[in-house]
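# An overview of the molecular structure
Each chain, letter by letter, is given below.
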Amino acid sequence: MLRKNFEFEIQHLKDEIILLGSLVEKNVIDAVDALKKRDMAASERVIELDQQINNKRFELENQVMIVIATQQPLAHDLRLLASYFEVISELERMGDYAKGIGVINIRIGEQPLLKPLVDIPRMAEKGASMLHRALLAFVNEDANTARSIPQEDDDVDNLYIQVYRELMTFVMEDPKNIERANWLLWVAHNLERFSDRVTNICERTVFIVTGELTEIDSDPDHKNH
Amino acid sequence: MNEKIVIENLSLQYDDGTESLRNISLGIPENAITVLFGPAGGGKSSLLRCLNRLNDLSEVKTMSGRIWLDGENILDPKTDVIRLRRKVGMVFARPVVLPMSIRSNITYGLEVMGEKRRSRLEEAVERSLIQAALWEEVKDRLNDPAIALSGGQQQRLCVARSLALEPEVILLDEPTSGLDPISTSKVEASLQEIKKNYSIILVPHSVQQAARTADFAAFFLQGELVEYAQGKTIFTAPTDKRTEDYVTGRFG
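The rules behind the values
- Residues numbered from 1 in each chain as written.
- Chains lettered and ligands numbered in written order.
- Predicted model: local features only at pLDDT ≥ 70, side-chain atom pairs only at ≥ 80, totals over all residues.
- Helix = DSSP H or I, 4+ residues; strand = E, 2+ residues; numbered from the N terminus.
- Buried ≥ 20, exposed ≤ 12 C-beta atoms within 10 Å, placed from the backbone.
- Contact = placed C-beta atoms within 7 Å.
- Rg over C-alpha atoms; globule rule 2.2 N^0.38 Å.
- Pairing = 2+ DSSP bridges.
- Axes fitted to C-alpha atoms, helices over the stretch in contact; angles between N-to-C directions.
- pLDDT = per-residue confidence, 0-100.
- Nonpolar A, V, L, I, M, F, W, Y, C, P; charged D, E, K, R; others polar.
- Expected span 1.5 Å × (residues − 1).
- Core = buried A, V, L, I, M, F, W, Y, C linked by C-beta atoms within 7 Å.
- Arc of directions from axis to C-beta.
- Left-handed = near helix turned anticlockwise from the far one by under 90°.

## Let's talk about the overall build of chain A
Assigned secondary structure in chain A consists of 7 helices and 0 strands. Taken from the N to the C terminus, the helices and strands of chain A come in the order α-α-α-α-α-α-α. Each principal axis of the C-alpha atoms in chain A carries an extent, and together these give about 70 × 40 × 20 Å. By residue count, 40% of the 225 residues in chain A fall in the buried class. A sequence separation of at least 24 residues applies to 82% of the contacts in chain A between residues at least 6 apart.

Written as structure tokens, this is what we have:
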């Protein structure tokens, strides 16, 4: 009977984490889309949604704490709930990256973008897709998928390097471009960090399944960039 | 970590075949709390009773194997059981206080063994009550009847009574099963204190208590030792699926 209650509460938390993740996923795509279209009102909505994400995070942490207090979980169940704390807070921080992109669009204001966005939307789509699959693997406790997703972080890192190099050529051509290049570099950096955090979620999935806390290294060569 | 007790291939079957131990081998470390846990009928209390030969009083059909305590096989028929039980004290689920004063409860065992020196007896009363985390609550009323103490205090008095004889090993069979949470935490706190000088073997009344108290934990299922590991490992990442299922409440 107790176990039934516990499983009910865990299922509820899983649904909520998927919901939180889908808000973050939507917000990062919307944030880049708003930047691409220079749509200030859309960026304002991104910033507002981030507030909801932050509130949801505290609400979920509280729920996790109640389950820990009332069910006193051990072994797998303890690893599961400890990982929920971690993943909820990762999602909140990933939400902050989306919000950061919204703020940048508003700060750029009337200035035109230095260049049309090509790779930056790709970075956002890739990161959102990685997050989507990483969260499914997380709730389904699929360690194999969780181990494979961080490999894709290389694609995001490569796009980041590409964006960086491209922006540097604009800066070298004309130093007056520095500020506008910097805005976009900041956006790309946020997206690069966004997908890095997907790896942290994947590490928690492996921990739940195996009990081992290990870093999943996508490609050590890229860590120095 | 030194092993105080080494159990080797211990098997036990009662006359009616209800509970048994199957080929148990286990090392119990010194100065630590070792928890024996698992569902009812798993063999943990049977093992506890073997450790001070309380099973001598039970209807045992067959028993084989060895239990080494400081290099001596305590299952050897020549073992002096009285001496063994002085070395290996036991505290039961329900506190059994003697119908006498708090002080006399502590001194009784020593007096039976011939200790007459008042200073020694007084020293034993204070020392063992401090170790059992009861001293502060009773020091001003040592002549009151022990029966007037609360359940939690009575259980700590039983722990103190056992400590007064200066055993080396203390066995506890669900010592807090009838106690409220505050008394339970006091008993557990006193165990953490006394383990510095003794080897403690505890059959807990819940998995949560096992997790709270265990330095080492042995999971028993139907007479079999399924898994034995450090407490911090067995309650966060057990290796055997049966242990996992039990500690997460899937059965038992």
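## Comments concerning the overall build of chain B
Secondary structure summary: chain B contains 10 helices and 10 strands in total. Computed over C-alpha atoms, the radius of gyration of chain B comes to 18 Å, within 12% of the 18 Å expected from 2.2 N^0.38 for 252 residues, which places it in the range of a compact globule. C-alpha extents for chain B along the principal axes are approximately 50 × 40 × 35 Å. The proportion of buried residues among the 252 residues of chain B is 42%. Within chain B, contacts between residues at least 6 apart in sequence are counted, and of these 71% link residues at least 24 apart.

## What about unusual backbone geometry?
All names here are of chain A. Non-glycine residue Gln72 carries a positive phi angle of around 45°. On the secondary structure map, Gln72 appears in the loop between α2 (40–71) and α3 (75–108). Residue Ala75 is not a glycine yet carries a positive backbone phi of 50°. Residue position: Ala75 is located in helix α3.

## Thoughts on the sheet that holds strand β2 (residues 20–29) of chain B
Residues and elements named next belong to chain B. Ordered by their spatial adjacency, 4 strands build an open sheet running β2-β1-β4-β5, and the pairing between neighbours is antiparallel. Since the sheet does not close on itself, it has two edges, and those belong to β2 and β5 (72–73), each with one partner. Looking at chain direction, strand β1 (residues 3–14) and β2 are connected through 7 bridges and run antiparallel. Residue pairing in the sheet places Gln13 in a bridge with Ser20 of β2.

## Focus: the sheet that holds strand β7 (residues 169–173) of chain B
Residues and elements named next belong to chain B. With mixed pairing, the 6 strands of this open sheet are ordered in space as β6-β7-β8-β3-β9-β10. Every interior strand has two partners, whereas the edge strands, β6 (88–91) and β10 (224–230), have only one. Each strand axis lies, on average, 15° off the axis of its neighbour in the sheet, ignoring direction. Pairing between strand β3 (residues 33–37) and strand β8 (residues 199–203): 3 bridges, direction parallel. Each bridged residue has a counterpart across the sheet, and for Ile33 the counterpart in β8 is Ile200.

## A look at the confidence of the model for chain B
Residue and element names in this part refer to chain B. Taken residue by residue, chain B gives an average pLDDT of 93. The fraction at 70 or more is 99%. Across chain B, element-level confidence peaks in β3 with a mean pLDDT of 98 and bottoms out in helix α7 (residues 181–194) with 89. Here the prediction assigns the complex a pTM of 0.83, and the interface score ipTM is 0.73.

## Section: the interface of chain B and chain A
Across the boundary between the two partners, chain B contributes 12 residues, which contact 10 residues of chain A. Contributing elements (two or more residues each) for the side of chain B that touches chain A: α8 (207–213) and α10 (241–247) of chain B. The biggest single contributor to the side of chain B that touches chain A is α8(B), with 3 residues. Classifying every residue of the side of chain B that touches chain A by side-chain character gives 6 nonpolar, 4 polar and 2 charged.

## Thoughts on the pairing of β3(B)
Residue and element names in this part refer to chain B. With 5 of 5 residues buried, β3 lies mostly within the body of the structure. Of the pairings in the sheet, the one linking β3 to strand β9 (residues 216–221) comprises 4 bridges and is parallel in character. Opposite Thr34, over in β9, you have Phe216 as the bridge partner.

## Describing helix α4 (residues 119–140) of chain A
All names here are of chain A. Here α4 is 22 residues long and its end C-alpha atoms lie 31 Å apart, about the 32 Å a rise of 1.5 Å per residue gives. Within α4, burial applies to Ile120, Met123, Ala124, Gly127, Ala128, Met130, Leu131, Ala134, Leu135, Ala137 and Phe138. In the segment just after α4, Glu141 is the residue with positive phi, at about 55°.

## Section: the confidence of the model for chain A
On average, residues of chain A score 94 in pLDDT, and 96% of them reach the 70 mark or higher. Confidence, expressed as mean pLDDT per element, reaches its minimum in chain A at helix α1 (residues 2–37) of chain A with 94 and its maximum at α4(A) with 98.

## Some thoughts on the nonpolar core
Counting residues in each nonpolar core, the largest one holds 71 residues, and the members touching the most others are Leu36(B), Leu51(B), Ile67(B), Ala160(B), Leu171(B), Ile201(B) and Ala217(B). With near-sequence residues (within four places) excluded, Ile67(B) lies in contact with Ile5(B), Ile7(B), Leu10(B), Cys50(B), Leu51(B), Asn73(B), Ile74(B) and Leu75(B). Judged by nonpolar contacts, the second largest core, of 54 residues, contains Ile53(A), Val64(A), Leu135(A) and Ile201(A).

## Focus: α7(B)
Residues and elements named next belong to chain B. A rise of 1.5 Å per residue sets the reference length of α7, with its 14 residues, at 20 Å; its end C-alpha atoms lie 20 Å apart and thus fit the reference within 8%. For α7, every residue scored as buried is listed here: Thr184, Lys186, Val187, Ser190, Leu191 and Ile194. Take α7 and look down its axis: the buried residues cluster within an arc of 160°, on one side only. With respect to the buried face of α7, the exposed residues turned more than 90 degrees away are Pro181, Ile182 and Ala189. Looking at the buried positions of α7, the neighbouring elements they touch are β3, α4 (118–131), α6 (151–164), β8 and α8.

## A closer look at the environment of Val198(A)
All names here are of chain A. Residue placement: Val198 occurs in helix α7 (residues 178–210). Take Val198: there are 28 C-beta atoms within 10 Å of it, and that puts it in the buried class. Spatially, the C-alpha atoms of Val198 and Pro150 are 7.3 Å apart, while their sequence positions differ by 48 residues. In this structure, Val198 is in contact with Gly127, Met130, Leu131, Ala134 and Ile149, ignoring residues within four places of it in sequence.

## Considerations on the packing of helix α3 (residues 102–112) of chain B against α4(B)
For any two helices packed against each other, one specifies the inter-axial angle together with the distance between the axes. All names here are of chain B. For the pair α3 and α4, interaxial distance at closest approach is 9 Å and the crossing angle is 120°. Crossing hand, α3 versus α4: right-handed. Facing α3, whose interface residues are Arg103, Ile106, Thr107 and Leu110, α4 presents Leu121, Ala124, Val125, Ser128 and Leu129. Grouping the constituent residues of the contact of α3 with α4 by class yields 6 nonpolar, 2 polar and 1 charged.

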